[in-house]
Amino acid sequence: MAEENKVPPAKYIFLMAALLISMMVIGNALAFGSIANEFLKNWNWINMQEMGSRGERVLFSYSQNGSPIVEIDIGIDMKRPYNDTHGVVYWYEDIVLPYRSTLIDALSHLDKAKYVELRIYEIANSSNFETLKDFNVSKYALEIEYGSIGELRYVKSIEGIATNPATMTQWMIYIWNPELKPAPGFQYITYSPDKFEMTHLDSVVLIYDVFGGWPADCCSGGTWEYSSADVGNR
């Protein structure tokens, strides 16, 4: 399955991410906190310009009482084994939140999902997978810990699986962008998750991997699953 345009201006994003990880490690010694907030505000602004196509999307819908809302999906890939030959990725589907909720707001309300979809994939070939739906969402509660740089937070660990700056292993966030050119695809987010506002029908996946890892076929789906037409009519 081909997925193009994985990381826009990759050389800049990888450089900035590597710099950020380094600052996470030595920040206290250099009193980085005093300059972190302004630095990350500028960094966030640059990255949102690179995702300018989001501005053309439907930002929100309305609840029955007329309040603006967003309905989103969040995938969590902890590289967790399902058995000796298969792994599993959890997708929290149809999470309804107030408009202007951030990604961290969404992660804090995974229990609001309509159901959890388990994507059980062959470790040897993640293109081969099956899906199971479970409406007992409470079975899939996750313990999420956040770190902070200045006034901004990032995902530090999920279920005790923690970012390790020494090995460049971390939680990475991707958003499905149906307007990405030349074809729809996942887009790497470097924008701070507690400032990244979700729009209606967003699909986001968090994966734990060495920096530069990419969502597996089982996790990301593809244009057959998240095409702009499908998303628009979900």
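Below is a short write-up of the structure. In this text, all values refer to a predicted model and were calculated from it rather than measured experimentally.

## What to know about the sheet that holds strand β7 (residues 152-158)
Phase 1: Read across the sheet, three strands follow the order β6-β7-β8 without closing on themselves; strand pairing throughout is antiparallel. The sheet terminates laterally at β6 (144-149) and β8 (161-162), the two strands that pair on one side only.
Phase 2: In this structure, β7 lies alongside β8, joined through two bridges in antiparallel fashion. Bridge pairing in β8 links S157 to A162.

## Details of the nonpolar core
Phase 1: Judged by nonpolar contacts, the single largest core of 34 residues is most densely connected at I74, I76, Y92, I158 and L206.
Phase 2: Elements with a minimum of two residues in this core: β2 (68-81), β3 (86-98), α3 (103-107), β4 (115-122), β7, β9 (169-177) and β11 (203-210).
Phase 3: For L206, the contacting residues outside a window of four places in its chain are I74, G75, I76, D77, L107, V155, I158, W171, M172 and I173.
Phase 4: Counting 11 residues, the second largest nonpolar core, distinct from the first, contains W91, W176, V205 and F211.

## A few points about the packing of aromatic side chains
Phase 1: Under the defined criterion, the tally for this structure stands at seven aromatic pairs.
Phase 2: Both rings, one in F60 and one in Y62, keep their centres 5.4 Å apart while their planes meet at 90 degrees; by these two values the pair is edge-to-face.
Phase 3: By relative accessible area, which is 55% here, Y62 ends up exposed.
Phase 4: Here W171 and Y208 contribute two aromatic rings whose centre-to-centre distance is 5.3 Å and whose plane-to-plane angle is 50 degrees, an arrangement assigned as tilted. Taken together, the positions of W171 in strand β9 and Y208 in strand β11 put the pair 37 residues apart, joining distant regions of the chain. Here the two residues W171 and Y208 agree in accessibility, since each one is buried.

## Focus: unusual backbone geometry
Phase 1: One non-glycine residue, D94, lies in positive phi territory at about 55 degrees.
Phase 2: You can see D94 is positioned in strand β3.
Phase 3: The exposure class assigned to D94 is buried, which follows from its relative accessible area of 16%.
Phase 4: Positive phi is not limited to glycine here, since L201 has a value of about 70 degrees.
Phase 5: Within the secondary structure layout, L201 lies in the loop between β10 (185-189) and β11.
Phase 6: A relative accessible area of 11% places L201 in the buried class.

How each quantity is defined
Residues numbered from 1 in each chain as written. Predicted model: local features only at pLDDT ≥ 70, side-chain atom pairs only at ≥ 80, totals over all residues. Heavy atoms only, no water. Pairing = 2+ DSSP bridges. Helix = DSSP H or I, 4+ residues; strand = E, 2+ residues; numbered from the N terminus. Core = buried A, V, L, I, M, F, W, Y, C linked by side-chain atoms within 4.5 Å. Buried < 20%, exposed > 50% of the residue type's maximum accessible area, 1.4 Å probe, protein only. Contact = heavy atoms within 4.5 Å. Phe/Tyr/Trp six-rings, centres within 6.5 Å; stacked < 30°, edge-to-face > 60°.

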